[in-house]
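Tertiary structure, described
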Amino acid sequence: MGSPFDLHGRVALVTGAGRGLGLAMAQALAQAGATVWLNGRDPVALNAAAQSLSSPRVHALPFDLQDDAARATALQHLQAQSGRLDILVNNVGQRDRRALDAFALDDIRRLLDINLVAPLALSREAARLMADCGACRQGSARIVNITSIAGPISRAGDVAYTVAKGGLDAATRALAAELGPRGITVNAVAPGYFATEANAEMVADADVADWLSRRTSLGRWGQPTEIAGAVVFLASAAASYITGQTLAVDGGYLSHF
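Residues numbered from 1 in each chain as written. Predicted model: local features only at pLDDT ≥ 70, side-chain atom pairs only at ≥ 80, totals over all residues. Heavy atoms only, no water.

1. Side note on helix 9 (residues 228-235)
We count it as follows: Buried residues are those whose accessible area, probed at 1.4 Å on protein chains only, stays under 20% of the maximum for their type, while exposed residues exceed 50% and partly exposed ones sit between those limits. Secondary structure is summarised from DSSP: a helix means a run of H or I of at least four residues, a strand means a run of E of at least two, and numbering begins at the N terminus for each. Whether two residues are in contact is decided by their heavy atoms: any pair within 4.5 Å suffices.
Judged by how many residues are buried, helix 9 sits mostly within the fold: 6 of 8 residues are covered. Buried residues in helix 9 make contact with helix 1 (20-31), strand 4 (87-90), strand 5 (142-146), strand 6 (185-191) and strand 7 (246-249).

Listed below in structure tokens is the structure:
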């Protein structure tokens, strides 16, 4: 019997995959057998990331997720080259830790656009491609949103990001209801504290490490590779009857007090 996590023959698109969690997810999907397209805005950095994975199944697909025309062109290129799309991982996101009164409204709109509106738009376009190429009929159509533990909980000084990620959590449930009849499952992974390049300053802070030792069940930072299994699972046949769910990968942060 084959592995239920085998993704050979599947095609995946991972946004925000030039480094950190996105790159770790892309690597895991490729190791499971999928052809993986990496998205990011910087072509040079993205090509370097694709080459670092040393797999003929990994390709760079640079485009700005907030650009409607660029999204359409990128999906057309992906379809022309790979013939299909089975898996979309909406990982791209931006964070701006500021208090509510410190934000101009345009700043809030910008964060909502990149963290919520753009993934929703890409999901809609990807769902059409999944239907056109037969992924829906074959039971391989998957959308995985990367949300955050900042969706179900909150703290002062992080208002715009929390609102956006909470919205993406809700969008996961709404898309699951909307796209389920088409044969597409939609789930989310909510990361906790991961030791990525973006968090390098916090990772080097001994006080943060001490706080995590007390605040999480596992008592430490997560490593980027530790999110990979959850994404592969939700993208695979093993999760064929799971939709509308958010899986926290947080070392026990949400359940620990």
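Once you've had a look at it, read on.
2. Things to note about the nonpolar core
Keep this limit in mind: Residues enter a nonpolar core if they are buried and are Ala, Val, Leu, Ile, Met, Phe, Trp, Tyr or Cys, with the set joined through side-chain atoms within 4.5 Å.
Core analysis: the largest hydrophobic core is formed by 36 residues, its most contacted members being Leu7, Leu29, Val36, Leu38, Val89 and Val189. Secondary-structure elements contributing two or more residues to this core are strand 1 (11-14), helix 1, strand 2 (35-40), helix 2 (43-52), strand 3 (58-62), strand 4, strand 5 and helix 9. Ranked by residues supplied to this core, first place goes to helix 1 with 7 residues. For Leu29, the residues in contact, after removing those within four places along its chain, are Leu7, Ala12, Val14, Ala34, Val36, Val89, Val231, Val232 and Ala235. Core analysis: the second largest hydrophobic core is formed by 29 residues, Val11, Ala74, Ala126 and Met130 among them.

3. Considerations on unusual backbone geometry
We note that Ser54 has phi near 50°; this positive angle belongs to a residue other than glycine. Looking at Ser54, the relative accessible area reads 65%, which means it is exposed.

4. Some thoughts on the pattern of salt bridges
Going by this rule: The salt bridge criterion pairs a side-chain nitrogen of Lys or Arg with a carboxyl oxygen of Asp or Glu, the two atoms within 4 Å.
Inspection of every chain in the model, using the stated rule, returns 10 salt bridges. The shortest N-O distance in the salt bridge between Arg71 and Asp68 comes to 2.9 Å. One end of the pair is Arg71 and the other is Asp68, both in helix 3 (residues 68-82) and 3 residues apart, which spans about a single turn. Asp96 serves as the salt-bridge partner of Arg110, at 3.6 Å between the closest nitrogen and oxygen. Of the two residues, Arg110 is situated in helix 4 (residues 105-133) and Asp96 in the loop between strand 4 and helix 4; the sequence distance between them amounts to 14 residues. Note on Asp96: relative accessible area 16%, which makes it buried. One salt-bridge network, in which partners are shared between bridges, spans Asp96, Arg98, Asp107 and Arg110.

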